[in-house]
Amino acid sequence: MASCLLSEDQFLCSVCLDLFTVPVTIPCGHNFCKNCITEHWDTSEKCRCPMCMEAFTIRPGLRVNTLLSETVAKFIEEAKQEASSSSSEQQVFKPGEVPCDVCTETKLKALKSCLVCRTSYCETHLEPHLTASSLKRHQLIDPVENLEDRMCPKHDKPLELFCKTDQTCVCILCHVSDHKMHDVVPLKQEYDEKKAAMVKANAESQQMIHTRRKKIKEFKESVDLSEKDADREITEGVQVLTALMESVERQLNQLIDTVRMKQKTTEGQAKTFIKDLEQEISKLKKRSAEIERLSHCDDHLHFLQGFQSLKIQHRPPTKNWTNVSFHPSYEGSVRRAVAELKDSISLVMKKQLEAELTQQEAELKRVQRYAVEVTFDPDTANPEIVLFPDEKHARPVEAKQDLPDNPERFSDCVCVLAKQSFSSGTFYYEVQVEGKTNWILGVVRESINRKGQNRLSPLWGNWSIWRNGNEYEAHDDPPVPLSLKSEPQKVGVFVDYEEGLVSFYDVDAAALIYSFTGCSFTENLYPYFSPGCFHSKNSAPLIILPVIRGGAGGASAPLTLTLDPTVVRLKMKKKKKKKNLSWLTEN
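Cut-offs used in this document
- Residues numbered from 1 in each chain as written.
- Predicted model: local features only at pLDDT ≥ 70, side-chain atom pairs only at ≥ 80, totals over all residues.
- Heavy atoms only, no water.
- Helix = DSSP H or I, 4+ residues; strand = E, 2+ residues; numbered from the N terminus.
- Buried < 20%, exposed > 50% of the residue type's maximum accessible area, 1.4 Å probe, protein only.
- Contact = heavy atoms within 4.5 Å.
- Areas by Shrake-Rupley, 256 points an atom, 1.4 Å probe, with all protein chains shown as cover.
- pLDDT = per-residue confidence, 0-100.
- Pairing = 2+ DSSP bridges.
- Axes fitted to C-alpha atoms, helices over the stretch in contact; angles between N-to-C directions.
- Patch = residues over 30% accessible without salt bridge, like charges linked within 9 Å, V, L, I, M, F, W, Y side chains within 5 Å.
- Salt bridge = Lys/Arg side-chain N within 4 Å of Asp/Glu carboxyl O.

A.B. asks: Help me understand the overall build of the chain in this model?
C.D. replies: Counting its secondary structure elements, the chain contains eight helices and 23 strands. Across the 587 residues in the chain, those meeting the buried criterion constitute 34%. Summarising the internal contacts of the chain: among those between residues at least 6 apart in sequence, 58% fall at separations of at least 24. Summing over all exposed atoms, the chain offers an accessible surface of approximately 37100 Å²; the carbon and sulfur share of this is 54%.

Okay, structure coming up:
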C-alpha cells in the first residue's frame, strides 16, 4: 500500500533521469544508479555527490540499497500493471496514425511528440514529460512522424522559424547566424499566411472548375439544341426537297408526254401524206404504162381511139405538193418545262416561308403572353441620359446633368436600369429602337458594377445585344456577330429565369435575333437599356412600348407622347435651375 503513495519522481536517478537501475547509497545519503555514479566519479577529478556536492577524500565503496531496489522493482511492476490496464482504454495505433515509439508490444496511438527527445509518446509514456520538472521544459507538439526532419541538421535545434528571404525553415541559431538580416517569422505566422493563400487559390480553382463545368453544361445543352434543330431542319428539308423532286419528276413526265404526243402527231401526219403520195404515184404509173403501150401501136384507128380514151391532153387529178411540207419543232419544250418547274418551286418555297413565318409568329405570340410593365429607374440613369416624365423614354444628351451620385447610379456606362426586378419565372417587354444607330438592350444581375466600366459579357453578369452603326453583336463569351435581314425597329426581350434563357426578337419581322442558353441566374435580374452616346444620328430616344399581342406587323404600337416644356423639369442637385428644353420640342 505504501508504494501506491509514492510517485515516479522518488525513483528517478538524478544523473540519467530514469528509474533506478541497481540503486546504491553513498555516504551523504543520496541514491544513484550504480553505473551512473561510477561513470560520474570516473570522469571527475574529485569524488563529489552530484546532488549536494559533498566531497569525499577517499572514494566510497558502493553497495546495493536492497530496500530501494526492491521498492523500485515493485513500483515498476505496479506501473506495468497500471499501464497494461490503461492501454486497453487508450486507442490502439491504426494505419495513417502516429504510433508511440516507446510501446514494445501493442503499439498505442501517440498523443504528443517531443522535439527534444525526438520521440512520440502515448498517454502513459507521456506522463514523465508532464510531471518531471526536468522534462517539462521539453517542447511537445501534436504527434508527427519523421521527427528528425523537424530538426536543424546544422545546429540540432527544432525548426520553428521561417526565412521569407530564402523560403526555408530555420532554427533559432540559424536566425542569429546565417539569416540574421533576413525576414524571419514564426512558423505559425507563415503557416497562417500560406494556408490563407492556399484557401484562396483553392477557392479560385473551385470557381474555375464551376465555370468550366457550367460551360460544359452549356456546350452539352447547345449540342442537344443543335441536334434538335438539325433534326427539324432535316425533316423540313426532306419535305421541301421531296416536294421539289416530285414536282421535277412530274414536270419531266409531262415534258416527255408532250414531246411524245407531238412526235406521234407528226408521225401520223407524215404517214397520211406518204399514203396519198403513194396512191398518186400508183395512178401515175398506171397511166404511164398505158401511154407506153399505146405509143407502140401502129394501127392508126386504134391509136386514136386509145389516145381519146386516155385523155392525154388532160392532167390526171393529183394534189399540188409544191407548197406542202411540215417541220416538226420541239424548241421551247424544255424552257417551258423549266419555267413551270420554277413556278412550282416558287410555290413550294412560298408555302415553306409562310409556314416558317407562321411558326415564328406563333413563337412571338407565345412569349408575348408573359409581357410585364417596365419603366426606367431615374436613380440608376447615367447623367448623360434624360428620362421623360412617363419614365418610358430615355434619350442621350450631349452635356452631363448635375445629378446626385447615389450608389445605384451608373457613373461611366451610359445606361439605365428598370425599376422592376425579377428573381424567378418568365417575363417579356418590347423597346422601340427606330431612328437610332447605337443602342444596347438586355438584362443584368443586381450586383453589376455601377461606378466603373463593365465588360459586356455573361461572365460579368450582362446578357445583351447591341447595334453599333451598321454592325450588330450578341455580347456572349466570345462575342457573336449577328447578320440580320433587316434593321429591327422594335426589339422584344424574353427571359426564362429557371430555364436560363434570354432571347431577343425583331417584333415587326417576328424573327428571333439571338438567344443566350444555359445561363445560371442566382441574383435578381434587371432590364438593361443603353441609348448610346449623343450624336446627330443617334438623338432618338429608346421607348418602352406597351405590348399588343398579335404577332408581326403590329405586335406593338409606339407610345404617342406630347410634352409640355413648361412642366418638364430636370432634377438638379440641391438647386433649381432652368434648362434649355428646345430638344424636347423639336419633334
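Moving on from the model shown.
A.B. asks: So what exactly am I meant to see when it comes to the confidence of the model for the chain here?
C.D. replies: The predicted coordinates of low-pLDDT regions are not to be read in fine detail. Across the chain, the average pLDDT comes to 83, with 89% of residues at 70 or higher. Per-element averaging of pLDDT across the chain places helix α8 (residues 582-585) at the bottom with 36 and strand β22 (residues 525-530) at the top with 97. Here residues 551-587 is modelled with pLDDT under 50, and outside its nearest four sequence neighbours on either side it reaches 65 contacts, counting other chains as well.

A.B. asks: How should I be thinking about the sheet that holds strand β8 (residues 161-163) in this particular structure?
C.D. replies: Within a beta sheet, neighbouring strands are joined by backbone hydrogen bonds and run either parallel or antiparallel to one another. Spatially, three strands are ordered β9-β8-β10 in an open sheet, and the strand pairing comes out antiparallel. Two strands lie at the open edges of the sheet, namely β9 (168-170) and β10 (184-186), each paired on one side alone. Strand-to-strand twist of the sheet, defined as the mean angle between neighbouring strand axes without regard to direction, takes the value 35 degrees. Summarising the sheet, β8 and β9 pair through three bridges and their orientation is antiparallel. Bridging from a neighbouring strand, Phe162 pairs with Cys169 of β9.

A.B. asks: Would you mind going over a nonpolar patch on the surface with me for this structure?
C.D. replies: Judged by side-chain polarity, Ile172, Leu173 and Val176 come together as a nonpolar surface patch covering roughly 240 Å² of accessible area. Its location among the elements puts Leu173 in helix α4 (residues 172-176). Exposure remark for Leu173: the relative accessible area of 34% places this residue in the partly exposed category.

A.B. asks: For this particular structure, what's the right way to read unusual backbone geometry?
C.D. replies: Residue Pro478 is bonded to the preceding Asp477 through a cis peptide linkage, with omega at 5 degrees. By the element assignment, Pro478 lies in the loop between β17 (471-474) and β18 (480-482). We note that Arg118 has phi near 55 degrees; this positive angle belongs to a residue other than glycine. With respect to the helices and strands, Arg118 occurs in the loop between β5 (112-114) and β6 (119-121). The exposure class of Arg118 is partly exposed, given its relative accessible area of 23%. Notably, Ala510 is not glycine yet its phi reads approximately 50 degrees, a positive angle. Residue placement: Ala510 occurs in the loop between β20 (501-506) and β21 (511-516). When its relative accessible area of 2% is taken as the criterion, Ala510 is described as buried.

A.B. asks: How should I be thinking about the sheet that holds β20 in this particular structure?
C.D. replies: Spatial ordering of the open sheet is given by β11-β12-β23-β14-β19-β20-β21, a layout of seven strands whose pairing is antiparallel. Two strands lie at the open edges of the sheet, namely β11 (385-387) and β21, each paired on one side alone. The average angle at which neighbouring strand axes cross in this sheet is 25 degrees, direction not considered. Relative to strand β19 (residues 490-496), strand β14 (residues 426-432) runs antiparallel, the two being bridged by seven bridges. Among the inter-strand pairings, Val431 is bridged to a residue of β19, identified as Val491. Running over the sheet, helix α7 (residues 333-368) touches β14, β19, β20 and β21 and is turned about 110 degrees from β14.

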